[in-house]
There are 4 protein chains.
Amino acid sequence: MVITLQQHIQPETLHQLKALLTLKQVNFSYLENRNLIVIEKSVDPSVLEGLDGIERIDLIASPYQLSSIKFKKETHFLVNGISIGSRFANLIAGPCSVESEKQIFETAEFLAKNGIRFIRGGAYKPRTSPYAFRGLGVDGLKILKEAATKYNLSVVTELMDLSLLDQLMEYSDIIQIGSRNMSNFYLLAELGKIDKPVMLKRGMSARISEWLLAADYILSGGNEKVILCERGVRSFDPEVRNLMDVAAIPMIQSLSHLPIIADPSHGTGSAKFVAPLALASMVAGANGLMVEIHPDPSKALSDSQQAMSFEAFENLLQDIRKLESAIQKPIDATYEAAQ
Amino acid sequence: MVITLQQHIQPETLHQLKALLTLKQVNFSYLENRNLIVIEKSVDPSVLEGLDGIERIDLIASPYQLSSIKFKKETHFLVNGISIGSRFANLIAGPCSVESEKQIFETAEFLAKNGIRFIRGGAYKPRTSPYAFRGLGVDGLKILKEAATKYNLSVVTELMDLSLLDQLMEYSDIIQIGSRNMSNFYLLAELGKIDKPVMLKRGMSARISEWLLAADYILSGGNEKVILCERGVRSFDPEVRNLMDVAAIPMIQSLSHLPIIADPSHGTGSAKFVAPLALASMVAGANGLMVEIHPDPSKALSDSQQAMSFEAFENLLQDIRKLESAIQKPIDATYEAAQ
Amino acid sequence: MVITLQQHIQPETLHQLKALLTLKQVNFSYLENRNLIVIEKSVDPSVLEGLDGIERIDLIASPYQLSSIKFKKETHFLVNGISIGSRFANLIAGPCSVESEKQIFETAEFLAKNGIRFIRGGAYKPRTSPYAFRGLGVDGLKILKEAATKYNLSVVTELMDLSLLDQLMEYSDIIQIGSRNMSNFYLLAELGKIDKPVMLKRGMSARISEWLLAADYILSGGNEKVILCERGVRSFDPEVRNLMDVAAIPMIQSLSHLPIIADPSHGTGSAKFVAPLALASMVAGANGLMVEIHPDPSKALSDSQQAMSFEAFENLLQDIRKLESAIQKPIDATYEAAQ
Amino acid sequence: MVITLQQHIQPETLHQLKALLTLKQVNFSYLENRNLIVIEKSVDPSVLEGLDGIERIDLIASPYQLSSIKFKKETHFLVNGISIGSRFANLIAGPCSVESEKQIFETAEFLAKNGIRFIRGGAYKPRTSPYAFRGLGVDGLKILKEAATKYNLSVVTELMDLSLLDQLMEYSDIIQIGSRNMSNFYLLAELGKIDKPVMLKRGMSARISEWLLAADYILSGGNEKVILCERGVRSFDPEVRNLMDVAAIPMIQSLSHLPIIADPSHGTGSAKFVAPLALASMVAGANGLMVEIHPDPSKALSDSQQAMSFEAFENLLQDIRKLESAIQKPIDATYEAAQ
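Residues numbered from 1 in each chain as written. Chains lettered and ligands numbered in written order. Predicted model: local features only at pLDDT ≥ 70, side-chain atom pairs only at ≥ 80, totals over all residues. Heavy atoms only, no water.

Draft legend 1. Up close: the overall build of chain A. The helix and strand inventory of chain A stands at 12 helices and 14 strands. The C-alpha atoms of chain A give a radius of gyration of 21 Å, which matches the 20 Å a tight globule of 339 residues would have. Referenced to the eigenvectors of the C-alpha coordinate spread, the extents of chain A come out at roughly 65 × 45 × 45 Å. Here chain A, with 339 residues, has 67% of them falling under the buried criterion. Sequence separation of 24 or more characterises 68% of the internal contacts of chain A that already satisfy a separation of 6 or more. Per element, the accessible surface of chain A, about 12300 Å² overall, is 47% carbon and sulfur. Charged side chains in chain A number 34 positive and 39 negative. The centres of these two groups are separated by 3 Å. (Helix = DSSP H or I, 4+ residues; strand = E, 2+ residues; numbered from the N terminus. Rg over C-alpha atoms; globule rule 2.2 N^0.38 Å. Buried < 20%, exposed > 50% of the residue type's maximum accessible area, 1.4 Å probe, protein only. Contact = heavy atoms within 4.5 Å. Areas by Shrake-Rupley, 256 points an atom, 1.4 Å probe, with all protein chains shown as cover. Lys, Arg positive; Asp, Glu negative; His and termini not counted. Charge placed at Lys NZ, Arg CZ, Asp CG, Glu CD.)

This is the structure in structure tokens:
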């Protein structure tokens, strides 16, 4: 249950409202930055009858509140002039890890040539083994930013720890929260206070409602620019890296106003299945895709088996364009060209 | 490892071959109906050098052998004149359970009108609860057959137990093996001996290799008409009935020559997500779809929440047709009309 | 909701009762062999007020009814003089597969010497691969029976298909239903009609409620001698064969009156972890154990990595005896010796 | 593969060693604080032949290295005079959340009276919902520390974010890393640099090898005081909160030298199943237990359904003592009393 307060509510009125809820033993959260009061378990609205300061009341039965479609119909916003979450397909591509200047500039040039407007790349890498390559750190972030500036791209890169937030605020346009951090609630709460879009990947075995509650952590702090990213869940089949939950795409869209993009690279873990799953995700309604590409996949320092070559990615783009009339979402480039 | 024997191999030659393998302590299976010898763990082919009676040797590293794409490139066959597993989309639709003559004849008429050539329906239902509706039995099979005959459709229906095989041989055109029977190896072995296509649904938590080994049970008996059907796997999320593994479609096609169709009705368990997942499956490369429809979904005696209305199914058909140029598989009806 | 009818209810009274339920549109199952009426979704008992022929009414909220502890407090019965499900630990041991007379007679002698009263062994084996050893069939059953007769043991062996039921009725004392058949509802319903104990293993990814509903299939047919067997569930960790759900033991005991035994051999898939999990299961309240042993584990034709040697099994027995005061369930042998 | 360097290796010798490995294109990690070189993929040891500065070489085939039992036989250390990981059962108990001074002091008094030496309690709580009680923060830590000081207990409490590490260093004796942070590799790496024991809970769907690699993150930084804690994994059964993997206990002990304790409170999610699973875990070989208790479970602000009452916990203690001869691990209190 969400109570939208009047825009210029008097401190005294607010105080009375909170006092009444406390008196009635209602467990509520007052979100100052959003001018909202959230009550986890809906109460009988008649409790609030006759009270001043209330603009609107939304009864929301799910545990997640602010990410619910019952609270808001649609979320879309601009990132460097490109509209996210609207009727265009947002395409993000790039390597798993930033490895060198050459690799990133080649990739950026390739993306720009193909009308892609977002480059991804990891500078701090969450690696299962402490003995594996963990990324170039801030040097990687600088390379990404330089290449992005040169080729007019926006940067999507992962935040691994709160202590790195300042770096990310400087070098990134969209902050990615990886699967392993989806339930890092302390971090999510802090991301609610920043003014930068956050792409929240689904946890390795997160239920839909847990994922939306994680989004609520960010939204409730005041940051409304949240993008969800389906990247496959843990499977019982050792032959696949992850099991991509394509149905989560229309399911999220029926439950939430947040844009959802698909990451078929992690979702399948295998370069040869990225294209069919990318197409499947778009047809199922995704707002966009994030795809791992590499100038020379066989030499990638991480996730080499799931990176597409440039050529394979160009074929995928062609296939996406064939579906444009069916999916009714032209890709970013098409949109820009039309302006 | 599969040894294809010469077509008219002499009994004596065969005997020598088998004796040699026994002597070398090789664990092998001689498949009389297929004129093949399968060796589960490949041996050094030089062991067989100079031996008579051998047509071809295929080294196949996977545990499944006859369903492997390394043994055979493609499987397609005709069911009442309709080609399964080739470059047309095979569409199967109908109710979860056969409930009445009226229901089935209405459905059959609707399907025929829309160019669909396969009707599904359960006469014996595997219900989790013994107190739930378990189907009309042989009466249900008779209704299905009559309606199919009148409207020139083929019948797809489930075999629950070997003791019912005779009934199925009479009333069914494709025998469906449900998820709960995918590992019923005794039953599968018997299905290897019949001359009727078998549609093998994936077990509730079956790995890809286990599924293909189940297919090998049927193939090794001599029945080469096997269709696989992805229908979702068990998930950790209680809010979804199943988690549809769309990636299994291209994965199967890279590993096996068997046709694979998708069942988004069970795969999602929710009527509103059937259409996006049906489209996603086709784009991902499925050879066809099996969809639950009902003249009045709210009154269905089983699985009512996942049955599509006729109207919703017609919308889905239109959406599939929009994708035809992309997926390059015209639906059955189109194919027939062109003949 | 279970309505226990009066023992000698008049056909007319029964008819009226059923007519009334039908009139009130109540969906019910009349179980002739049990003299019960089961109503899946409980109705207001006042509906039945003033009606004749009713002995007792049990309101049971769970989907499973006859296996619920709300219907019956405890189930125990004798198998060749040994009490199953009471305050003794029922120990079952033997090889995965019957391989030879020598192997079985050696095992039987060993078991008898150690006071074990149940021998297990598979004659028809559910093997994932059609090219693996599938058991000796009826010859295996005969060997088991002969050895059991000689050493005064009872036989526990698996039924793979209804067509083999006659053989099992002759050669087996307890019929085992394997994981892969737990949801073979047609088979379960037939087992409700026989007079022989059935040990129902948990399905590979069966929920507790699904398992108890499977038991209800047998119980509702009239066969009350059902034993449950926890044998591990499918895991996301490729390094383990199964994940043993030890908590299912006390959980079942809080929900059901049926005895539950543990199979740590399949539950762990690794001989070295069988002993700790066997002890853990007993301490958690199991009514007994089923353990795979083999005279020479390294030469077992199936599941060799999970079979214990005789020596290891003797050590386990000693460890179980150390726990006897804590678990308050002396093993079968102790019980017999005391008679 | 772990290369233990000589204790006082000359910088020059070390430099030569590293240069050679680089020359041979070996991917290695030099751990300064541990005086070790770890090579993820073992190389032929002859590569290192004749080189100075090497004390010992351990060939370790698993991806985890420093946590492997092939590197070290056993880990035990003292926390305020109590030995962790040796032949005593370490018992930790306390509420889910610190709620008030009264609650914590009552609990501490109760623990001390029963000879328990570790109190747990959350001051910063990882809650799935942002609208739920998130703990008292630093005030909660202070209450814990005061009560612990008064009753001679050690404090176990969770670290949610690196920014809170200073607080935890001051108020906690053992730092708990929760399931949701098990793959927070940046955090783990920082914990390698501190001198304080870390209890690393298993991630919600973490494989055994991933868990040990997470431990390697801490160990490789120089902190050797790591305790593992099994707390159940995500299940497909919506009726249970988690599925406790009791077999993980002996499995970890066969693979690693690290102590492992069991948390049957989270492991089962239900107070009534905590005792049987606690006993099962001890019998399976656990080095200790962590159990949630509360003076009045029904009023707990978080996880109320899994908290034991004081009375129930005393019963559990009695049951553990009955098993002492079998498990051969007297509880902490017994140990101290004997000094």
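Read on for the rest.
Draft legend 2. Geometry of the sheet that holds strand β9 (residues 154-158) of chain C. Residue and element names in this part refer to chain C. Sheet architecture is closed into a barrel: eight strands sit in the order β7-β8-β9-β10-β11-β12-β13-β14, paired in parallel fashion. With strand direction ignored, the average angle separating the axes of adjacent strands in the sheet is 25°. Here strand β13 (residues 260-262) runs beside strand β14 (residues 288-292); their pairing, made up of two bridges, is parallel. Along β14, the bridge assignment pairs A262 with L289. The strands touched by helix α6 (residues 208-221) are β11 (198-201), β12 (226-230) and β13; relative to β12, the strand with the most contacts, the crossing angle is about 155°. (Pairing = 2+ DSSP bridges. Axes fitted to C-alpha atoms, helices over the stretch in contact; angles between N-to-C directions.)

Draft legend 3. Examining the pairing of β12(C) more closely. Residues and elements named next belong to chain C. Judged by how many residues are buried, β12 sits mostly within the fold: five of five residues are covered. With burial as the criterion, each face of β12 is covered, one bearing V226, L228 and E230 and the other bearing I227 and C229. Pairing of β11 with β12, which is carried by four bridges, proceeds in the parallel orientation. Paired with K201 across the bridge in β12 is C229. For the crossover from β11 across α6 to β12, the handedness is right-handed. Here β12 pairs with β13 via three bridges, running parallel. Bridge pairing in β13 places C229 opposite I261. Handedness of the crossover joining β12 and β13 through helix α7 (residues 248-255): right-handed. (Right-handed = clockwise from strand over helix to strand, strands pointing away.)

Draft legend 4. Geometry of empty space enclosed by the protein. Across all of its chains, the model carries 11 cavities of 30 Å³ or more by this definition. Of the volumes computed, that of the largest cavity is approximately 320 Å³. If you trace the largest cavity, you find 23 residues lining it, with F236(A), R234(B), F236(B), F236(C) and F236(D) closest to the centre. Split into classes, the residues belonging to the lining of the largest cavity amount to 11 nonpolar, eight polar and four charged. (1 Å grid on protein atoms, 1.4 Å probe; cavity = no way out; pocket = protein on both sides within 12 Å on 5 of 7 lines; lining within 4 Å. Points joined across faces, edges and corners; volume = space filled by probe spheres on them. Nonpolar A, V, L, I, M, F, W, Y, C, P; charged D, E, K, R; others polar.)

Draft legend 5. Structural view of the nonpolar core. With 372 residues, the main nonpolar core has F313(A), F313(B), F313(C) and F313(D) as its most contacted residues. In this structure F313(C) touches A93(C), F110(C), L111(C), I116(C), V291(C), I293(C) and M308(C), once residues within four positions along its chain are discounted. (Core = buried A, V, L, I, M, F, W, Y, C linked by side-chain atoms within 4.5 Å.)

Draft legend 6. Focus on the interface of chain D and chain A. Listed as interface residues are 39 residues of chain D and, on the opposing side, 39 residues of chain A. For the pairing of chain D and chain A, the buried interface totals around 3400 Å² over both sides, and the portion due to carbon and sulfur atoms is 53%. When the area that chain D buries against chain A is broken down by residue, the three leading residues are Y131(D), Y186(D) and R234(D), summing to 24%. On the surface where chain D and chain A come into contact, there are two salt bridges. (Buried area = accessible area lost by both parts, 1.4 Å probe. Salt bridge = Lys/Arg side-chain N within 4 Å of Asp/Glu carboxyl O.)

Draft legend 7. Quick look at the relation of the copies chain D and chain B. The transform that puts chain D on chain B rotates by 180° and translates by 0.0 Å along the axis, for an RMSD of 0.0 Å. The operation mapping one copy onto its partner corresponds to a two-fold rotation axis. Residues of chain D ranked by C-alpha distance from the rotation axis are headed by F236(D), positioned 2.1 Å from it. (Least-squares fit on C-alpha atoms with pLDDT ≥ 70 in both.)

Draft legend 8. Local environment of the pattern of salt bridges. Applying the stated criterion to the full structure yields 64 salt bridges over all chains. For the salt bridge of E224(B) with K72(B), the shortest nitrogen-to-oxygen distance reads 3.2 Å. Within this pair, whereas E224(B) is found in the loop between α6 (208-221) and β12 (226-230), its partner K72(B) is found in the loop between β4 (54-58) and β5 (77-79), the two being separated by 152 residues in sequence. Among the ionic pairs, K201(D) bridges to D263(D), the shortest N-O distance being 2.6 Å. With K201(D) in strand β11 (residues 198-201) and D263(D) in the loop between β13 (260-262) and α8 (264-268), the pair connects residues that are 62 residues apart, well separated along the chain. Assessed through its relative accessible area of 3%, K201(D) is described here as buried. Each of R34(A), K72(A) and E224(A) takes part in one network of salt bridges that share partners.

Draft legend 9. Quick look at the sheet that holds strand β3 (residues 36-39) of chain A. Residue and element names in this part refer to chain A. With antiparallel pairing, the four strands of this open sheet are ordered in space as β2-β3-β1-β4. Looking at strand neighbours, the two that pair on one side only are β2 (28-31) and β4 (54-58), the edges of this open sheet. Within the sheet, the average angular offset between the axes of one strand and its neighbour, ignoring direction, is 15°. In terms of strand pairing, strand β1 (residues 2-5) meets β3 through three bridges, oriented antiparallel. Following the sheet pairing, T4 is matched in β3 by L36.

Draft legend 10. Expanded view of the relation of the copies chain D and chain A. Of the transformation superimposing chain D on chain A, the axial component is 0.0 Å and the angular component is 180°, with the fit at an RMSD of 0.0 Å. With an isologous cut-off of 70% or more, the 100% of interface residues of chain D that recur at the interface of chain A puts this contact in the isologous class.

Draft legend 11. Summary view of the interface of chain D and chain B. Each partner contributes residues to the interface: chain D has four residues there, and chain B has four residues. By the criterion of area lost to chain B, the three top residues of chain D are R234(D), F236(D) and P238(D), representing 87% of everything that side buries. Counting across the chain D and chain B interface gives zero residue pairs in polar contact (both at pLDDT 80 or more). Counted by class, the side of chain D that touches chain B contains two nonpolar, one polar and one charged residues. (Polar contact = N/O pair within 3.5 Å; in protein donor to acceptor, adjacent residues only side chain to side chain.)

Draft legend 12. The environment of I327(B), seen in detail. Residues and elements named next belong to chain B. Within the secondary structure, I327 is located in helix α10 (residues 310-327). Placed 232 residues apart in sequence, I327 and P95 show a C-alpha to C-alpha distance of 27 Å. Not counting residues up to four positions away in its chain, the partners in contact with I327 are M282 and V283.

Draft legend 13. How the structure looks around the packing of helix α9 (residues 271-283) of chain B against α10(B). Residue and element names in this part refer to chain B. Axis separation between α9 and α10 bottoms out at 10 Å; the angle between their running directions is 20°. Taken together, the axis directions place α9 and α10 in an arrangement best described as roughly parallel. Relative to α10, α9 is oriented so that their crossing is right-handed. Here A275, A278, L279, M282 and V283 of α9 come into contact with α10, specifically with L316, D319, I320, L323 and I327. Considering only residue class, the contact of α9 with α10 consists of nine nonpolar, no polar and one charged. (Parallel < 35°, antiparallel > 145°, perpendicular 65-115°, else oblique. Left-handed = near helix turned anticlockwise from the far one by under 90°.)

Draft legend 14. Summary view of the side chain of T107(A). All names here are of chain A. Structurally, the position occupied by T107 is in helix α2 (residues 101-113). At a separation of 2.7 Å, a polar atom in the side chain of T107 contacts the main-chain carbonyl oxygen of Q103. Setting aside residues up to four positions removed in sequence, T107 forms contacts with G94, P95, I119, I293, P295 and F310.

Draft legend 15. Looking closely at the side chain of K196(B). Residues and elements named next belong to chain B. Examined against the element boundaries, K196 turns out to sit in the loop between α5 (185-191) and β11 (198-201). For the buried K196, no salt bridge exists, and the shortest N-O distance to an oppositely charged side chain is 5.1 Å, to D173. For K196, the side chain forms a polar contact with the main-chain oxygen of S172, separated by 2.5 Å.

Draft legend 16. Structural detail: unusual backbone geometry. Despite not being glycine, N152(B) shows a phi value in the positive range, around 60°. As for its position among the elements, N152(B) is in the loop between α3 (138-151) and β9 (154-158). Positioned with a positive phi, D303(D) is a non-glycine residue whose angle comes to about 55°. Among the secondary structure elements, D303(D) is positioned in the loop between β14 (288-292) and α10 (310-322).

Draft legend 17. The arrangement of α10(D) in detail. Residue and element names in this part refer to chain D. In this model, α10 (13 residues) spans 19 Å end to end at C-alpha, consistent with the 18 Å of a helix rising 1.5 Å per residue. Among the residues making up α10, those that are buried are F310, F313, L316, L317 and I320. Across the axial projection of α10, the buried residues extend over an arc of 110°, all falling on one side. Seen from the buried face of α10, the exposed residues on the opposite side, beyond 90 degrees, are E311, Q318 and K322. (Expected span 1.5 Å × (residues − 1). Arc of directions from axis to C-beta.)

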